[in-house]
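Summary of the model geometry
Okay, here's what each chain looks like letter by letter:
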Amino acid sequence: MAGDFEKHNLDWQIQQVQQQAGEWLERVFSGVNPQQQLPNWTSFDWLVQPLFWLVVLSLLSWTGWQSYHFLRPYWFASRNRVSDQAAASEKGLEVQTVDQWLRRSRQAQQRGDYREACRMLYLAMVQQLDDRQLIPESVSRTDGEYSYLVQTLDRPQPYQILIQAHEQACFGENPVSAELFDRCWQAYQEIQV
């Protein structure tokens, strides 16, 4: 029958909206008189066109947000390093090498100050992660953040031992034992390999 045909087709309507949007953009950028009559929008065009632009803007926003989260560590790494060194010098903390942290740890261990010895091992670990460019050092980074970040490394368990010991040494009320220091020293030996 010659009279049987589809009256509404979503694909065709989307194509029409895209064509009309393209014509509108062409008219805007070509300098044609803006007083010209706009295209005749059909029944669904008033709904389809805003939805189309909403989807485009949403995709652009989502892509920008994902890019920001992906690139943020790289953009801020150098800025954080400079500000961390400035913050450390303001607090009277000098930037030390891994060997210096290890020496201070051994000295504290010999004095029987296992809390300080574990803390120095932790700082040696942080400095080593920074030196190897695995995780950039940041004065404001918490134990929880380091714990999360070391999960991406090949062997996170020794790092976790040092982080947990640091939490206990800095925030725990129980004394730090020689056994805990020995476990930390063993864990540190494992990450040096």
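These numbers were taken from a predicted model, which means no experiment stands behind them. (Residues numbered from 1 in each chain as written. Predicted model: local features only at pLDDT ≥ 70, side-chain atom pairs only at ≥ 80, totals over all residues. Heavy atoms only, no water.)

Description of the overall build of the chain
Across its full length, the chain carries seven helices and zero strands. Listed N to C, the secondary structure of the chain is α-α-α-α-α-α-α in terms of helices and strands. Counting every position in the chain, which comprises 193 residues, the buried fraction comes to 26%. Carbon together with sulfur atoms contributes 56% to the accessible area of the chain, which is approximately 13,800 Å² in total. (Helix = DSSP H or I, 4+ residues; strand = E, 2+ residues; numbered from the N terminus. Buried < 20%, exposed > 50% of the residue type's maximum accessible area, 1.4 Å probe, protein only. Areas by Shrake-Rupley, 256 points an atom, 1.4 Å probe, with all protein chains shown as cover.)

Description of the side chain of Gln 160
By secondary structure assignment, the location of Gln 160 is in helix H6 (residues 156-171). Here Gln 160 falls in the buried class, since its relative accessible area comes to 8%. Filtering out sequence-adjacent residues up to four positions away, Gln 160 remains in contact with Ser 147, Val 150 and Gln 151. (Contact = heavy atoms within 4.5 Å.)

Remarks on helix H5 (residues 143-150)
Within H5 the residues assigned to the buried category are Asp 143, Tyr 146 and Val 150. Along the axis of H5, the buried positions cluster into a sector of 60 degrees, meaning they face one direction only. Buried positions along H5 lie against helix H4 (114-131) and H6. (Arc of directions from axis to C-beta.)

A look at the nonpolar core
Counting 30 residues, the largest nonpolar core has Leu 121, Met 125, Leu 162 and Tyr 188 as its most contacted members. Top contributing element to this core by residue count: H4, with nine residues. (Core = buried A, V, L, I, M, F, W, Y, C linked by side-chain atoms within 4.5 Å.)

Topic: the packing of aromatic side chains
Tallied over the full model, the rule gives five aromatic pairs. Here the aromatic rings of Phe 52 and Trp 53 are separated by 5.1 Å at their centres, their planes lie at 75 degrees, and the arrangement is edge-to-face. For Phe 52, a relative accessible area of 25% gives the class partly exposed. What makes Trp 53 partly exposed here is its relative accessible area of 32%. (Phe/Tyr/Trp six-rings, centres within 6.5 Å; stacked < 30°, edge-to-face > 60°.)

A short note on the environment of Glu 190
Note that Glu 190 resides in helix H7 (residues 178-192). You can call Glu 190 partly exposed: its relative accessible area is 35%. Along the chain, Glu 190 and Gln 157 lie 33 residues apart, while their C-alpha atoms are 9.5 Å from each other.

Details of H6
Given a rise of 1.5 Å per residue, 16 residues ought to cover 22 Å, and the 22 Å separating the end C-alpha atoms of H6 matches this to within 8%. Among the residues of H6, those classed as buried are Pro 156, Pro 158, Tyr 159, Gln 160, Leu 162, Ile 163, Ala 165, His 166 and Ala 169. (Expected span 1.5 Å × (residues − 1).)

A look at the confidence of the model for the chain
Here the chain averages 76 in pLDDT, and 75% of its residues register 70 or above. Looking across the chain, the model is least confident in helix H2 (residues 45-90), with a mean pLDDT of 71, and most confident in helix H3 (residues 98-111), with 88. Confidence over residues 82-92 falls short of pLDDT 50; this stretch has six contacts with residues more than four positions distant or in other chains. (pLDDT = per-residue confidence, 0-100.)

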